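Results of the structural survey
One letter stands for each residue in the lines below.
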Amino acid sequence: MRPRNAPKESLNSNSVPDDDDDDFEATPTNFTPTRPVPRRKTVVPKSKKGNKENRPRSSILHDGQTLKVQERANINSRDMLERQRQRLSHCISHSSCHIVHYLTNLTQGSQSYLWQRQSLNTPVLSIIRDLKIQRTYHGFSRRATAATWHPAHPSVAAVGSKGGDIIVWNHETQGNKPAVFIEGTGANGSIQALKFSGVDTNLLYSASINGQLKCDDANRGQVHKVLLDTGYCDHWFTSLDLSVSGDLVAVGDNFGYVTLLSSEGQLQVWKERLHKMKVTHIEFCPRMPWCLVTASVDRSLKVWDVRNMKTANTFLYSHLHDKPINSAHFSRVDGSRLLTTDQHSEIRVYSCPSFTHSITIPHPHRHFQHLTPIKATWHPLRDIIVVGRYPDPLFPHSSECSSPYSADKKPFSGKPQGGREARTIDLYDGVTGQLLHQLSDPASANKIVSLNLFNPSGDTLLSAAGIGVWVWKPKFKQEPSANKKSDKGKANHNSHSDDSSSSSDDDDDDDTKGAALKRKRSSADKKKTESWMKFMVKK
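What comes next concerns the included structure. Treat the numbers as computed from the prediction; the structure is a model and nothing was measured. Numbers given to residues run from 1 along each chain, matching the order in which its sequence is written. Totals for whole chains, interfaces and linings use every residue, but because this is a predicted model, local features are given only for residues with pLDDT of at least 70 and side-chain atom pairs only at 80 or more, for both listing and counting. Only heavy atoms go into the side-chain values, all of them from the structure, while hydrogens and water stay out.

1. As for unusual backbone geometry
With the exception of glycine, most residues fall at negative phi, and the peptide bonds are largely trans. Put simply, the rule is: Every helix listed is a DSSP run of H or I at least four residues long, and every strand listed is a run of E at least two residues long, numbered separately from the N terminus. Classification of residues uses two cut-offs on accessible area relative to the type maximum, computed with a 1.4 Å probe and protein chains only: under 20% is buried, over 50% is exposed, and between them is partly exposed.
Geometrically, the link from Cys-352 to Pro-353 is a cis peptide bond, its omega value of 10 degrees lying close to zero. With phi around 75 degrees, Arg-299 is a residue other than glycine that occupies positive phi space. Tracing the sequence through the fold places Arg-299 in the loop between strand 15 (291–296) and strand 16 (300–305). For Arg-299, a relative accessible area of 34% gives the class partly exposed. A positive phi angle, close to 55 degrees, is found at Phe-355, a residue other than glycine. Structurally, Phe-355 is set in the loop between strand 20 (346–351) and strand 21 (356–362). Residue classification places Phe-355 among the buried positions, given a relative accessible area of 4%.

Here it is in structure tokens:
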């Protein structure tokens, strides 16, 4: 007999012995391996009722074992809930909007990104919900076409009209009558763009249809300097913007040309035809000062590097829309998003610096010739989109967007009249595209609000619809006093004391006034006594 640990003998005499040093085993040419044929087990088919695999485990076990399994499952579920409660016991409720609670949950890692955005948007939306029209201006002979805020004074704004008139308005000190009024040239002087200088804030740049790019003195209301003049009635400027440093001005015209020149107009850096049709908007990126964005009626949005402008094909990015584009605004918070508005029903948001398409928000704001183009803008404190609504019965999302409830489940102030959708100012989340609030006021009812722009501090909204210009300010509700009776008693006491002091003070009041007060009191006392006597006689 061979030992237990001895190697097994080969089945074939021609087989080659194993070699421990080689990685591959040599196989003889005449070797035919034999594999044992596995035996197949005959399985008798069973019915579904008798098959244990189709029955629940609790029905297979006995009664005692079933109870043990159920008790074990209940214990495990209780332990899991207890562990979850202990884990969340150190966290604060996510419904709290307090900044300390928010920071606590954020440091513990229990705050979701969506709730972070909602909690940060909450104080901004609370101010927006309290906005009411406090100032109104109806001095233009033609509709308003452009608006801008002063970069240093949050209460100063400039508005231009189709007739070429420009007002510089401090709504806090001047009421409803602006102090500075720059008269235009009439029907051919429509103001297409306005911008305050960042270096000298007293200078106001404007581009108009009369073919001039000029700089006005906002304090005196006079023309400071004319930078460019086409000299032709069929060639005019349509858009402009100043660089972040304030030393360059970019201006576009109705033929698709864009000109970059110094803020004083002495040096022209370059002039290229960047679009095939009218350039509707130009803007520098606040995050990347070398980045310039242009939008056009040819439905294209292009991103440029002003340091490398060789030809019209040297753009960095280009996006084509379905309709002509009215505006393209960078985010006022950090410049990380780009907002575009077309001439029909689309609002797009692009992520910077890659300029990839992020979201598309369907929104009715169709355009026609005698209406100032509707342009969506950003809120300065949060990435919230502000845009006026022009309801369209053929809009596919009309039933969804015309809901009388906003994202916070509260009814908005503008209610549809006669079964029609209200013409409101809509506010959307720039990240999720969710409708946050719809703003309206009785003074702006049935008005298509084309221009909407918040001031740098974010507490005042400037709107324009037709020839009307409005300033929205938060109107906070006064809390009722806890004890009204005591307040009334104090008021009456103060009034009596004021009357007595006024009657006894000879220096402040005349003798005639004191005598008149005494006569009134004596006559009132006589009437009371007479009525009381009549009442007693009847009894």
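Let us keep going from here.
2. Considering the side chain of Lys-375
The criterion, for reference: Think of it this way: Lys and Arg go in the positive column, Asp and Glu in the negative one, and His and the chain ends go nowhere. Counted as salt bridges are all cases of a side-chain nitrogen of Lys or Arg within 4 Å of a carboxyl oxygen of Asp or Glu. Contact criterion: two residues are considered in contact whenever any of their non-hydrogen atoms come within 4.5 Å of each other.
Mapped onto the fold, Lys-375 is located in the loop between strand 21 and strand 22 (377–378). Despite its burial, Lys-375 pairs with no opposite charge; the closest candidate is Glu-283, at 9.5 Å N-O. Apart from the residues lying within four places of it in its own chain, the contact partners of Lys-375 are Asn-326, Ser-327, Thr-341, Val-386 and Ser-450.

3. Observations regarding the packing of aromatic side chains
Note the cut-off: Aromatic rings from Phe, Tyr and Trp, taking only the six-membered ring of Trp, are treated as a pair when their centres fall within 6.5 Å; an angle between ring planes under 30 degrees marks them as stacked, one over 60 as edge-to-face, and anything in between as tilted. Two thresholds decide whether a charge sits over a ring: the Lys NZ or Arg CZ must be within 6 Å of the ring centre and within 35 degrees of the ring normal.
One pass over the structure, following the stated rule, counts six aromatic pairs. Measuring from centroid to centroid gives 5.3 Å for Tyr-317 and Phe-355, while their planes differ by 40 degrees, and the two rings are tilted. Of this pair, Tyr-317 sits in strand 17 (residues 317–320) while Phe-355 sits in the loop between strand 20 and strand 21; the two residues are 38 residues apart in sequence, bridging distant segments of the chain. The exposure class of Tyr-317 is partly exposed, given its relative accessible area of 33%. Ring centres 6.4 Å apart and planes at 75 degrees place the aromatic pair Phe-330 and Phe-355 in the edge-to-face group. On the criterion of sequence distance, the pair formed by Phe-330 in strand 18 (residues 325–330) and Phe-355 in the loop between strand 20 and strand 21 is long-range, its members being 25 residues apart. Summarising the burial analysis for this pair, Phe-330 and Phe-355 share the class buried. Grouped by ring-pair contacts, the aromatic residues Tyr-137, Phe-140 and Trp-169 constitute a single cluster. The residue whose ring lies beneath Lys-271 is Tyr-257, and the NZ or CZ to ring-centre distance is 5.6 Å. A cation sits over an aromatic face here: Arg-366 above Tyr-390, 3.9 Å from the ring centre.

4. Observations regarding the pairing of strand 13 (residues 268–273)
What counts here: Strand pairing follows a simple DSSP-based rule, namely that at least 2 bridges must link the two strands.
Sheet analysis places strand 12 (residues 257–262) next to strand 13, joined by five bridges and oriented antiparallel. Opposite Val-258, over in strand 13, you have Glu-272 as the bridge partner.

5. Some remarks on the pattern of salt bridges
A side chain with one charge can pair with a side chain of the opposite charge if their charged atoms come near. Scanning all chains against the criterion turns up nine salt bridges. One salt bridge in this structure joins Glu-346 and Arg-348, with 3.1 Å as the shortest N-O distance. For the pair shown, Glu-346 and Arg-348 are each scored as buried. Between Arg-389 and Asp-426 there is a salt bridge whose closest N-O contact spans 2.6 Å. On the criterion of sequence distance, the pair formed by Arg-389 in the loop between strand 23 (384–388) and helix 5 (398–401) and Asp-426 in strand 24 (residues 425–429) is long-range, its members being 37 residues apart. For Arg-389, a relative accessible area of 1% gives the class buried.

6. Details of the sheet that holds strand 23
Spatially, the four strands line up as an open sheet ordered 22-23-24-25, and their pairing is antiparallel. The open sheet has two edge strands with one neighbour each: strand 22 and strand 25 (435–439). Pairing analysis gives two bridges linking strand 22 to strand 23, with the strands arranged antiparallel. Opposite Trp-378, over in strand 23, you have Ile-385 as the bridge partner.

7. Points about the sheet that holds strand 10 (residues 237–242)
Heads up, the condition is: Each axis is a line fitted through C-alpha atoms, and for a helix only the stretch in contact is used; angles between axes span 0 to 180 degrees, taken between their N-to-C directions.
Ordered in space as 10-11-12-13, the four strands form an open sheet in which the pairing is antiparallel. Looking at the sheet topology across the chains shown, the edges are occupied by strand 10 and strand 13. Between one strand axis and the next, the sheet turns through 15 degrees on average, direction left out of account. In the sheet, strand 11 (residues 248–253) pairs with strand 12 via five bridges, with the strands oriented antiparallel. Each residue of the ladder has a partner; that of Gly-252, found in strand 12, is Val-258.

8. Looking at the pairing of strand 27 (residues 461–465)
Across the five residues that make up strand 27, a large majority, five, are buried. Every second residue of strand 27 is oriented toward a common face, with Leu-461, Ser-463 and Ala-465 on one face and Leu-462 and Ala-464 on the other, all of them buried. Bridge count for strand 26 (residues 451–454) against strand 27 is four bridges, and the pairing is antiparallel. Directly across from Leu-451, in strand 27, lies its bridge partner Ala-464. Linkage of strand 27 to strand 28 (residues 468–474), two consecutive antiparallel strands, is achieved through a turn of two residues, within which Gly-466 is found at a positive phi near 65 degrees.

9. Re the nonpolar core
Heads up, the rule is: What we call a nonpolar core is a set of buried Ala, Val, Leu, Ile, Met, Phe, Trp, Tyr and Cys residues that are connected through their side-chain atoms within 4.5 Å.
If you look at the biggest cluster of nonpolar residues, it comprises 17 residues, and the most contacted ones within it are Ile-128, Leu-131, Ile-425, Leu-439, Leu-461 and Trp-472. Elements with a contribution of two residues or more to this core: helix 4 (113–129), strand 1 (131–137), strand 23, strand 24, strand 25, strand 27 and strand 28. When residues in this core are grouped by element, the largest group, three residues, is from helix 4. The residues contacting Leu-461, other than those within four sequence positions of it, are Leu-131, Trp-149, Ile-425, Leu-439, Asn-452, Leu-453, Phe-454, Trp-470, Val-471 and Trp-472.

10. Observations regarding the environment of Phe-284
As for its placement among the helices and strands, Phe-284 is situated in strand 14 (residues 279–284). Distance from Phe-284 to Val-249, taken between C-alpha atoms, is 9.8 Å for residues 35 residues apart in sequence. Residues contacting Phe-284, with those up to four places away along its chain left out, are Asp-241, Leu-242, Ser-243, Ala-250, Leu-260, Pro-289, Cys-291, Leu-292, Val-306 and Phe-330.

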